[in-house]
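Read off the chains here:
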Amino acid sequence: MKILLIDDNLMSSMRIENALRSAGHNVKLARKIAPEMADFDAVILNFGSRSMDGFTLLETAKTQLSNATFYGFCGHREVEIWRRAQENGAKMVSNERAMNGEIF
């Protein structure tokens, strides 16, 4: 599976990227969505980021990567963020640890 991981946290992105690669996925790490990023099966967004707006990124991704499935992660106590992300099109929202390859 070809996965676009959008995260600005070095530690979480490295853990998730390594786990997904170990599971056999092709992963590209980014901090934003560029027009050439049109061929991904899945997009994983960090909705808990304080420096990136995950919801704006989700809307951009839904427009530019319409064939992808969208996932997200944030802190386990950020229930309102989980609910809002799913209402806006994320198939699944979880905490970072679950994103470490367990959902794919």
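Predicted model only: the values in this text are computed from it and were never measured.

A. Molecular detail of helix 2 (residues 54-64). Along helix 2, the positions that sit buried rather than exposed are Gly 54, Phe 55, Leu 57, Leu 58 and Ala 61. The arc that holds every buried residue of helix 2, seen down its axis, measures 155 degrees, which confines them to one face.

B. Representation of the side chain of Ser 49 within the structure. Among the secondary structure elements, Ser 49 is positioned in the loop between strand 3 (42-46) and helix 2. A polar side-chain atom of Ser 49 sits 2.8 Å from a polar atom in the side chain of Asp 8.

C. Representation of the nonpolar core within the structure. Of all hydrophobic cores here, the largest spans 22 residues; its most connected members are Leu 4, Ile 6, Val 43, Leu 45, Phe 47 and Leu 65. Going through the elements one at a time, strand 1 (2-6), strand 3 and helix 2 are the ones with two or more residues in this core. The dominant element in this core, judged by the number of residues it contributes, is helix 2, at four residues. Beyond its immediate stretch of four places on either side in the chain, Leu 4 contacts Lys 28, Ala 30, Met 37, Phe 40, Ala 42, Val 43, Ile 44 and Leu 65. Within the second largest apolar cluster, nine residues are counted, among which are Ile 3, Leu 5, Leu 20 and Phe 73.

Criteria and cut-off values
Residue numbers here run from 1 along each chain, matching the order of that chain's written sequence. Under the rules for a predicted model, residues below a pLDDT of 70 receive no local features and side-chain atom pairs below 80 are neither given nor counted, while totals for whole chains, interfaces and linings still include all residues. The basis for every side-chain value is the complete set of heavy atoms in the structure, and neither hydrogens nor water enter the calculation. Each residue is assigned to one of three classes by its accessible area relative to the maximum for its type, calculated with a 1.4 Å probe on protein chains only: buried under 20%, partly exposed between the two thresholds, exposed over 50%. What counts as a helix is a DSSP run of H or I of at least four residues, what counts as a strand is a run of E of at least two, and both are numbered from the N terminus. In this context, the arc is that of the directions from the helix axis out to the C-beta atoms. We define a polar contact as two N or O atoms separated by no more than 3.5 Å, with the added condition that, inside protein, one atom must be a possible hydrogen donor and the other a possible acceptor, whereas residues neighbouring each other in sequence contribute only through side-chain atom pairs. Throughout, nonpolar core names a set of buried Ala, Val, Leu, Ile, Met, Phe, Trp, Tyr and Cys residues whose side chains join them through atoms within 4.5 Å. When checking whether two residues touch, look at their non-hydrogen atoms; a contact exists if any pair is within 4.5 Å.

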